[in-house]
Amino acid sequence: MDEDTPEKTGPAASGPRDETAGSPRTDGGAERADGPTEDVALDPWGSASIGDYADLFAEFGIEAFDDVADDVTDPHYLMRRGVIFGHREYDAVAEAMANDEPFAALSGFMPTGDPHIGHKLVFDEIIWHQEQGGDAFGLIADLEAHSARGMSWDEIDEHARNYLLSLLALGFDAEEGELYRQSDNRAVQDLGFELGSKANFSEFEAIYGFDGETNISHMQSVVTQTADILYPQLVDEPKPTVIPVGPDQDPHVRLTRDLATRVRYFKVTEAFASFELDDAERRLVRAAYDALAAESAADDGEVDDAETDVRCEDAAAWLADYEPPEIDEESVDLAAAKSTALDKLRAGGKEPLRPRVRFFDRNATEEAFEALIGAVDGEKRVFDGHVDAFDLTRGEAESVAREVEIDHDGFGFRQPSSIYHRFMTGLTGGKMSSSIPASHISLLDDPEDGSDKVKAATTGGRDTAEKQRELGGEADDCPVYELYAYLLAGDDDELTKTVYSECVNGERLCGGCKEQAAELMREFLEDHQEKREEAEELLDDLDIDLDSDRRGTGGEH
Ligand code: TRP
Ligand code: SF4
């Protein structure tokens, strides 16, 4: 999240390139949210600047947070203010939260430097989910820091301590939640090993741009991260889990969502006859079935799936005359699906068409497959690698599959969810970067220094006070306004609204605005650092080895 080398053309290069972590950028960091759109690339070890957040929706299938915001009962201020802008399947977490069902939140931190106000966003997100009743996890990505960033174990120990102190100081409840470092967590290592058996190098090449030069430990740290992400479901039971991160981490989330599925024992799909259908074909066959079943029900007064004698050839005849609607979903082309669905239905001939759920054996042991057969209620048909069930809904089938899997030493994972926050703009304009002290405020900064950095920050103000009064300031492009919205105003929406409207209406001048922000920053840092001191004791009581005495290669610089 704090890297300085813009990587505009593709995914991450590997290994040694990471050594550029400390070199200052040369372009003055002029990239703005409304600037020229660069090629979108999400690179966990590369540039953390995003040209246009909206591109991430179309390009990677990240969903807009707005779409799910209404499902969150009492949203966090970062959600209310659009700082959290995107998600993957957060609906599952929001639903669990609303219904008092189990859910979890986990994020991780690479101990490469001091924690700063950008990391605070993630600390707050974890803590908020914990306060909403979720199981909360915070981890130190020490394996990643060592293998991808060349940090020595001593440096890692020191930084890890600082991250954990800030997380505790901000309110993480370590009695309820869990903190760990990757290298110390045996269960995570074992899980990573299992998950790694379902991923291969070509995939890492495609996702991360790894190549023959990439060091093997770096790859191992990726597998470890996928294990981190699924760990909350391992220590207890499968449950919706949110991973709050910056969008640069989305490649890890996508990979983990895939792996979570690949390790499942059974795949549950819906079918209508012995042959397989893809999603688009299934919609068409369903339309045919529904129409014909309704007709036959009209004849004898009821719809009963087992009684209707719709046959594949009837459905083919119906479908041949059917004009599929155009659907505005990527990868759903009903017109193309029509001809393949017709082929399948015609080949089905007189075979009855009956809705059913199908369980495929993906990774099950023999006993697990037998147990599944036994666990399916109602009418069923058993085939070589699959079972068809006629009296179960899709949801019921998913539950049966998961229960049998868990009873037979499988994981039964749900796909993890994620939420993505915007990166803060650096105080000097451009990106906030750990390697440019003036661009960020460390949570360890002396409160006076922190306040001075705010006073020296770039603003969205006009050249003269006169112009400012006339035209108003550009709060949307102002790092100081961001400080209010992301941190200084806390839960106080009135304050952000006041600053914003006074600014754009020309009633607020930057000098005073920065004075106010600087004072709030000083207070925040003072308070935070007091709490960090109090957290020392808490941390020492936890079973986390922060003096790891580990031998190693001493780090690459
Ligand atoms: N790769 C993350 C980073 O660069 C750190 C990390 C490791 C992480 N494991 C994780 C983040 C699990 C979220 C979830 O900061
Ligand atoms: Fe930024 Fe405040 Fe100036 Fe507006 S008045 S541009 S918010 S510093």
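Within any chain, residue numbers begin from 1 and follow the written order of that chain's sequence. For naming, the first written chain is A and the first written ligand is 1, with later ones following in the order written. Two thresholds apply to this predicted model, a pLDDT of at least 70 for residue-level local features and 80 or more for giving and counting side-chain atom pairs, whereas whole-chain, interface and lining totals are computed over all residues. In computing side-chain values, all of the structure's heavy atoms are included and hydrogens and water are not.

Caption draft 1: Seen up close, the site of ligand 1. Inspection of the region around ligand 1 gives 14 residues, with G108, E144, Q225, D228 and Q249 positioned closest. Whenever a nitrogen or oxygen atom comes within 3.5 Å of another N or O atom, the pair is scored as a polar contact, on the condition that within protein one atom can donate a hydrogen and the other can accept it, and that pairs from neighbouring residues in sequence are kept only if both atoms are in side chains. Interatomic distance of 2.7 Å between a side-chain N/O atom of E144 and a nitrogen atom of ligand 1. The side chain of D228 places a nitrogen or oxygen atom 2.8 Å from a nitrogen atom of ligand 1. Relative to its free-state accessible area of 370 Å², ligand 1 is covered by the protein chains to the extent of 96%. One heavy atom within 4 Å of a molecule or strand is enough for the residue carrying it to be called near that molecule or strand. For accessible areas, the Shrake-Rupley method is used with a probe of radius 1.4 Å. Any residue's cover is judged against the shown protein chains and nothing else.

Caption draft 2: The packing of helix α13 (residues 312–320) against helix α14 (residues 334–348), seen in detail. Here an axis means a line fitted to C-alpha atoms, over the contact stretch when the element is a helix, while the angle between two N-to-C directions is reported on a 0 to 180 degree scale. Runs of H or I in DSSP of at least four residues are treated as helices and runs of E of at least two as strands, each being numbered from the N terminus. Viewed as axis vectors pointing N to C, α13 and α14 meet at an angle of 150°, and their least axial separation amounts to 7 Å. Compared by their axis directions, α13 and α14 come out roughly antiparallel. Classified by chirality, the crossing of α14 by α13 is left-handed. Of the residues in α14, those in contact with C312, E313, A315, A316, L319 and A320 of α13 are K338, A341, L342, L345, R346 and G348. Class assignment for the residues of the contact of α13 with α14 results in eight nonpolar, one polar and three charged. Roughly parallel covers angles under 35 degrees, roughly antiparallel covers those over 145, roughly perpendicular covers 65 to 115, and oblique covers all other angles. Handedness of a helix crossing follows the sense of rotation of the near helix relative to the far helix, less than a right angle counterclockwise being left-handed and clockwise being right-handed. Contact between two residues is taken to exist if any of their heavy atoms lie within 4.5 Å; hydrogens are not considered. Polar here means any residue outside two lists: the nonpolar Ala, Val, Leu, Ile, Met, Phe, Trp, Tyr, Cys and Pro, and the charged Asp, Glu, Lys and Arg; Gly therefore counts as polar.

Caption draft 3: Quick look at the sheet that holds strand β6 (residues 241–245). When DSSP finds two or more bridges between a pair of strands, those strands are recorded as paired. Across the sheet, seven strands lie side by side as β1-β2-β11-β6-β3-β4-β5; this open sheet has mixed pairing. Every interior strand has two partners, whereas the edge strands, β1 (63–64) and β5 (178–181), have only one. Where strand β2 (residues 84–88) and strand β11 (residues 417–421) come together, four bridges link them in antiparallel fashion. Residue pairing across strands places I84 opposite H421, the latter belonging to β11.

Caption draft 4: Just the packing of aromatic side chains, in detail. Aromatic pairing here means that ring centres of Phe, Tyr or Trp (its six-membered ring) are within 6.5 Å. Orientation follows from the plane angle: under 30 degrees is stacked, over 60 is edge-to-face, and everything else is tilted. Applying the stated criterion to the full structure yields 18 aromatic pairs. For the ring pair Y53 and F85, a centre distance of 4.6 Å and an interplane angle of 65° mean the geometry is edge-to-face. A residue pair is termed long-range when its members are at least 10 positions apart, and Y53 in helix α1 (residues 53–60) and F85 in strand β2 qualify at 32 residues. The exposure classification of Y53 matches that of F85, with both residues buried. These aromatic residues form a ring-pair network of at least three members: W45, F204, Y208 and F210. Working rule: Lys NZ or Arg CZ, within 6 Å of ring centre, within 35 degrees of ring normal, means a charge sits over the ring. In this structure, R422 packs its charged tip against the face of Y53, placed 4.6 Å from the ring centre. Of note, R550 hangs over the ring of W153, and the distance from its end group to the ring centre comes to 4.3 Å. Relative accessible area decides the class of each residue, using a 1.4 Å probe on protein chains only: under 20% of the type maximum gives buried, over 50% gives exposed, and in between gives partly exposed.

Caption draft 5: Broad picture of helix α16 (residues 394–407). In this model, α16 (14 residues) spans 20 Å end to end at C-alpha, consistent with the 20 Å of a helix rising 1.5 Å per residue. Buried residues of α16: A397, V400, A401, R402, V404 and E405, and no others. On its buried side, α16 packs onto β7 (266–271), β8 (356–361) and α15 (366–375). Two residues or fewer after α16 comes D409, characterised by a positive phi angle close to 70°. By this rule, a helix spans an expected 1.5 Å times one less than how many residues it contains.

Caption draft 6: Region of interest: the site of ligand 2. Taken together, T459, G460, G461, Q468, C478, V480, Y481, C503, R508, C510 and C513 make up the full set of residues adjacent to ligand 2. When grouped by side-chain class, the residues that make up the shell around ligand 2 number six nonpolar, four polar and one charged.

Caption draft 7: Quick look at the sheet that holds β8. With antiparallel pairing, four strands are arranged side by side in an open sheet as β7-β8-β10-β9. Looking at strand neighbours, the two that pair on one side only are β7 and β9 (380–382), the edges of this open sheet. Each adjacent strand pair in this sheet contributes to an overall mean axis angle of 20°, direction not counted. Strands β7, β8, β9 and β10 (386–389) of the sheet are contacted by α15, whose axis makes an angle of about 10° with β10. Packed onto the sheet, α16 meets β7 and β8 and runs at close to 160° relative to β7.

Caption draft 8: Expanded view of helix α9 (residues 201–208). Where α9 is concerned, the buried positions are E203, F204 and Y208. Buried positions in α9, seen along its axis, are confined to an arc of 100° and lie on one side of it. Where α9 is buried, its residues contact α10 (216–235) and α11 (250–262). One side-chain oxygen at the N-terminal end of α9 lies 3.2 Å from the backbone nitrogen of S202; it belongs to N200. Following α9 by one or two positions, G209 adopts a phi angle in the positive range, close to 70°. Relevant arc is that of directions from the helix axis to the C-beta atoms, nothing else.

Caption draft 9: Geometry of the environment of R550. Position of R550 among the secondary structure elements: in the segment after α21 (510–541). Along the primary structure R550 and S152 are separated by 398 residues, whereas in three dimensions their C-alpha atoms are 9.4 Å apart. Excluding residues that lie within four positions of it along the chain, R550 makes contacts with L143, W153 and S183.

Caption draft 10: Highlighting the pattern of salt bridges. Here, a salt bridge means any Lys or Arg side-chain nitrogen found within 4 Å of an Asp or Glu carboxyl oxygen. Considering all chains together, one arrives at 34 salt bridges under this definition. Among the ionic pairs, E519 bridges to R522, the shortest N-O distance being 2.7 Å. With a gap of three residues between them, E519 and R522 both fall in helix α21, about one helical turn apart.

Caption draft 11: View of the nonpolar core. Counting 66 residues, the largest nonpolar core has Y90 and M521 as the members making the most contacts within it. Residue ranges assigned to each domain were obtained from an automatic or database domain assignment. Taken domain by domain, this core gets at least three of its residues from each of domain 1 (2–35 + 47–263 + 415–421) and domain 3 (437–529). Not counting residues within four places of it along the chain, the set of residues in contact with Y90 comprises F65, V68, V72, M79, M97, W128, H129, V242, S417, S418 and I419. The next biggest cluster of nonpolar side chains, apart from the first, holds 45 residues, and it includes W45, Y53, L56 and I229. Nonpolar core, defined: a set of buried Ala, Val, Leu, Ile, Met, Phe, Trp, Tyr and Cys residues in which side-chain atoms within 4.5 Å join the residues together.

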